[in-house]
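Coordinate inspection notes
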Amino acid sequence: MENMQAVNNFVAAYLKKKGFKEADQLLEDLQNKESGPIDFHNDPELAKFIHHFSQVEDDAAQYLDGYRKLRSWTYSSLDLYKPELLRVLYPVFVHSFMDLVAKGHLQQARTFFNAFREDHELMHSRDVQKLEGVLSQSHLEEMEFARSLRQNKVNIKICQYSYDLLLQYLHRSQSTAMLGVINEHINFQVSPGQPSSISDDAEVVTLFGSCQDAANQLNQKEIHWGLLEDSLEERLDKAGGLLSDSEKTEGENKEGDVDETKKRSVEGGKQGASTKKLKKDKAVSATSKSARPEANTTSAAPRVKPELTLPIMSTEVEQSILEDLRNRVQLSSSALPSVSFYTFVNTHNGLNCSAISHDGSLVAGGFSDSSLKVWDMAKLGQQAGSSVSQGENGSTSNEHVVGPNGGKRSYSLFQGHSGPVYSATFSPLGDFILSSSADTTIRLWSTKLNANLVCYKGHNYPVWDVQFSPVGHYFAGSSHDRTARIWSMDRIQPLRILAGHLSDVDCVQWHANCNYIATGSSDKTVRLWDVQSGECVRIFIGHRSMILSLAMSPDGRYMASGDEDGTIMMWDLSSGRCVTPLTGHTTCVWSLAFSCEGSLLASGSADCTVKLWDVTTSTKVPRTEEKSGNPNRLRLLKTLPTKSTPVYSLRFSRRNLLFAAGALSKNV
């Protein structure tokens, strides 16, 4: 009797502690009605009820204890197998935490999360921050990020030895909670042979939010990555091809005076003229014969028909571009480009983005005060007492704004946005500029009239990036609303809406033939879209953080993508696979640019450096090296450090002069 009464008191105290008021009241009523104690053994429903809650208490503890033991066993494993076994910890941590939340153990879930979050903040800081916001069962359904984690398995590449070791441990430890998590949420891709280090393959851990099977199926679609038929490059090849460096030098010496007086396509004003002279001298010393055939990959690219109606180019503009192409400097690993760097000073952390025109004569900056400012490099050098400092109040669009010291400032002020300007892009001819803003709009400005022409409304949230197509007229924007949209200058409504990413679409880039658009997202994937149909034709999986920059090779075969961690990946568009990942930057890669013949890749980062990479060797990987999985196949040719200026944008001119821009920062 005394034992039964003690059990009754224990059950009542437990129900009160857990807040089960109705069950507590029912138990009290039963005790009052019956003279004798409750017989738990003869009441199977009540016995089952009590057994369930005792099991719940043990269930929550199993996750914490099971993960702690798995973590300890993994870190104490042999160094040969440790890198592969460590890959298992992060997905197990994530799904253990979400299982605890799903089962209602919110306090235990928070304790578990805080106990082990430090292990994963270095590699998965953004994911950990998002998981911290999962505070209830409803969040698992409402948050897109959490829902995608629950719905998709994680693919992990692992060798047979490591896989057998893991299974032996799980069975020996009898950790049913960890075994359940691994069985339900992880798909092991077991391979024979020796284990590999964690850096050997970019796809050892397929990132969350994408179903690998669906991606593989999607990547089987046929795409036509070649260049447009009857392009200017093709006409130039038929007419006799590019001039050799020696012929080009003679031509530049003869026409030097004419170019100086015209100043029509001076590369960056006075700075461009000096850097072009440096390039001329360097080209003469480096190579005195015509460029190697493999340096110009565009001539070997297949030709495709355009899916868009292309704008008609005037004869004068066409001749100007052909002249630039004829005088293009052929770059290679032994002939690196000259670089002209534009530095914004006194921006007071207000500069969000920068853009450079194709010839480097115009430089634009988008600011947090919702303004867009455009500098003409030729006029900038002519203004006495001028300064490039920002922060002054201006309400005019005139080119010459009087500053505090009385000097004139040679920039055009464009006002119209009602939020910070996040991106800007010049048209191929430099006569128009597009800007995107937090006010959800994209605006088209005329650099000749210094006026706003059109305001494009379609996105529902801030627009992070906007890019003109290589032929002009068409442009694409990417937004926080998880979509990218294709527009034409003559229509205020978007022509296509590209939906499929699971998070913000942070950057967008056109293919060289204008038939495809690439988008990079915070969901750590890059997608390639068909412009005509609006369908996704490729998903590129391998990055470990959000994608911040994209670049297409001139021949249209390869794409480069840079992420928040400083990693750059080179992708083969036809196969959808990573040709080579490369590491060198220590933080965000904000800008990427291919040289005009496709032999070099330039990358600009928040670590205040511009790096030049040899693309030609990376795409011709020996079979022995391909099997070994060496991740550093893309050879770093040169690192160009700035004093204290994060690199916002990069641009190769048609003559292969590299332009870069950034804001001087004292905090770096």
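Residues numbered from 1 in each chain as written. Predicted model: local features only at pLDDT ≥ 70, side-chain atom pairs only at ≥ 80, totals over all residues. Heavy atoms only, no water.

A closer look at the pattern of salt bridges
Following the criterion strictly, the structure yields 11 salt bridges and no others. Between Asp119 and Arg71 there is a salt bridge; the shortest N-O distance is 2.4 Å. Here Asp119, found in the loop between α5 (106-116) and α6 (125-132), pairs with Arg71, found in helix α3 (residues 44-75); they are 48 residues apart in sequence, far enough to count as distant. We note a salt bridge from Arg87 to Glu84, for which the minimum N-O separation is 3.9 Å. Pair noted here: Arg87 and Glu84 are both in helix α4 (residues 82-102), with a separation of three residues, about one helical turn. By relative accessible area, Arg87 is classed as buried at 4%. By relative accessible area, Glu84 is classed as buried at 3%. (Salt bridge = Lys/Arg side-chain N within 4 Å of Asp/Glu carboxyl O. Helix = DSSP H or I, 4+ residues; strand = E, 2+ residues; numbered from the N terminus. Buried < 20%, exposed > 50% of the residue type's maximum accessible area, 1.4 Å probe, protein only.)

Overview of α5
Every buried residue belonging to α5 is among Ala109, Arg110, Phe112, Phe113 and Phe116, and all of these are buried. For α5, the angular spread of the buried residues around the axis is 160 degrees, confining them to a single face. (Arc of directions from axis to C-beta.)

Observations regarding the sheet that holds strand β26 (residues 577-583)
Taken together, four strands build an open sheet; the order of strands is β23-β24-β25-β26 and the sheet is antiparallel. The open sheet terminates on both sides in strands that have one partner only, identified here as β23 (547-552) and β26. Adjacent strand axes in the sheet meet at a mean angle of 20 degrees when their direction is disregarded. Alignment of strand β25 (residues 567-572) against β26, held across six bridges, turns out to be antiparallel. Paired with Asp572 across the strands is Arg577, a residue of β26. (Pairing = 2+ DSSP bridges. Axes fitted to C-alpha atoms, helices over the stretch in contact; angles between N-to-C directions.)

Details of the side chain of Thr642
As for its position among the elements, Thr642 is in the loop between β30 (635-641) and β31 (647-652). A polar side-chain atom of Thr642 sits 2.8 Å from the main-chain carbonyl oxygen of Thr645. In contact with Thr642, other than residues within four places in its own chain, are Phe341 and Cys608. (Polar contact = N/O pair within 3.5 Å; in protein donor to acceptor, adjacent residues only side chain to side chain. Contact = heavy atoms within 4.5 Å.)

Quick notes on the nonpolar core
Membership of the largest hydrophobic core comes to 40 residues, with the highest contact counts inside it found for Val92 and Phe97. The element that contributes the greatest number of residues to this core is α4, accounting for 11 residues. Other than its neighbours up to four places away in sequence, Phe97 contacts Ala109, Arg110, Phe112, Phe113, Leu131 and Val134. Counting residues in each nonpolar core, the second largest holds 18 residues, with Ala215, Leu308, Ala476 and Ile539 among its members. (Core = buried A, V, L, I, M, F, W, Y, C linked by side-chain atoms within 4.5 Å.)

Side note on the packing of aromatic side chains
Tallied over the full model, the rule gives 21 aromatic pairs. When the centroid spacing of 5.7 Å and the interplanar angle of 20 degrees are considered together, the rings of Phe93 and Phe112 count as stacked. In this pair, Phe93 is assigned in helix α4 and Phe112 in helix α5, connecting sequence segments 19 residues apart. Using a relative accessible area of 0% as the deciding quantity, one classes Phe93 as buried. You can call Phe112 buried: its relative accessible area is 1%. Measuring from centroid to centroid gives 5.0 Å for Tyr422 and Trp464, while their planes differ by 55 degrees, and the two rings are tilted. With Tyr422 in strand β11 (residues 421-426) and Trp464 in strand β15 (residues 463-468), the pair connects residues that are 42 residues apart, well separated along the chain. Looking at Tyr422, the relative accessible area reads 28%, which means it is partly exposed. A residue is classified by how much of its surface remains accessible, and Trp464, at 24% relative accessible area, is partly exposed. Put simply, the rings of Tyr67, Phe93, Phe97, Phe112, Phe113 and Phe116 pair up and form one aromatic cluster. (Phe/Tyr/Trp six-rings, centres within 6.5 Å; stacked < 30°, edge-to-face > 60°.)

Looking at the environment of Tyr456
Relative to the elements of secondary structure, Tyr456 occurs in strand β14 (residues 451-457). Using a relative accessible area of 0% as the deciding quantity, one classes Tyr456 as buried. Linking Tyr456 and Arg443, residues 13 residues apart in sequence, is a C-alpha distance of 6.1 Å. In this structure Tyr456 touches Leu434, Thr440, Thr441, Ile442, Leu444, Phe475, Trp487, Ser488, Met489, Arg491 and Ile492, once residues within four positions along its chain are discounted. In this structure the side chain of Tyr456 is engaged in a polar contact, spanning 2.7 Å, whose partner is the backbone oxygen of Met489.

Section: unusual backbone geometry
Here His348, not a glycine, exhibits a phi torsion of approximately 55 degrees, which is positive. Among the secondary structure elements, His348 is positioned in the loop between β5 (339-344) and β6 (351-356). Positive phi is not limited to glycine here, since Asn450 has a value of about 55 degrees. Within the secondary structure, Asn450 sits in the loop between β13 (441-446) and β14.

Some remarks on the sheet that holds β30
The strand order across the open sheet built from four strands is β27-β28-β29-β30, with neighbouring strands paired in antiparallel fashion. Each end of this open sheet is capped by a strand with a single partner; those strands are β27 (589-594) and β30. Each neighbouring strand pair of the sheet contributes to a mean axis angle of 20 degrees, computed without reference to strand direction. Looking at chain direction, strand β29 (residues 609-614) and β30 are connected through six bridges and run antiparallel. Paired with Thr609 across the strands is Pro641, a residue of β30.

Side note on the environment of Met546
Looking at the element boundaries, Met546 is found in the loop between β22 (536-541) and β23. The class of Met546 is buried, set by a relative accessible area of 10%. Residues in contact with Met546, not counting those within four places in the same chain, are Arg126, Asp506, Ser521, Ser522, Lys524, Gly562, Asp563 and Glu564.

Let's talk about the pairing of strand β16 (residues 474-479)
Burial within β16 is extensive, with six of its six residues counted as buried. Neither face of β16 is left uncovered, since the one carrying Tyr474, Ala476 and Ser478 and the one carrying Phe475, Gly477 and Ser479 both have all their residues buried. Connecting the antiparallel pair β15 and β16 is a turn made up of five residues, with Gly472 showing a positive phi of about 80 degrees. Here β16 pairs with strand β17 (residues 483-488) via five bridges, running antiparallel. Paired with Tyr474 across the two strands is Ser488, which belongs to β17.

Quick look at helix α15 (residues 315-326)
Compared with an ideal rise of 1.5 Å per residue, which puts 12 residues at 16 Å, α15 spans 16 Å between its outermost C-alpha atoms and is within 8% of the ideal. Turning to α15, its buried residues number three or more, namely Glu318, Ser320, Ile321, Leu322, Asp324 and Leu325. (Expected span 1.5 Å × (residues − 1).)

As for the side chain of Asp465
With respect to the helices, strands and loops of the structure, Asp465 is situated in strand β15. Buried within the structure, Asp465 lacks any salt-bridge partner; its nearest side chain of opposite charge belongs to Arg651, at an N-O separation of 11 Å. A polar side-chain atom of Asp465 sits 2.8 Å from a polar atom in the side chain of Ser423. Among the polar contacts listed, one links the side chain of Asp465 to the backbone nitrogen of Val508, at a separation of 3.0 Å. Those residues in contact with Asp465 that sit more than four places away from it in its chain are Ser423, Ser436, Ala476, Gly477, Ser478, Asp506, Cys507 and Val508. (Lys, Arg positive; Asp, Glu negative; His and termini not counted.)

By themselves, these figures tell us nothing about what the structure is for.
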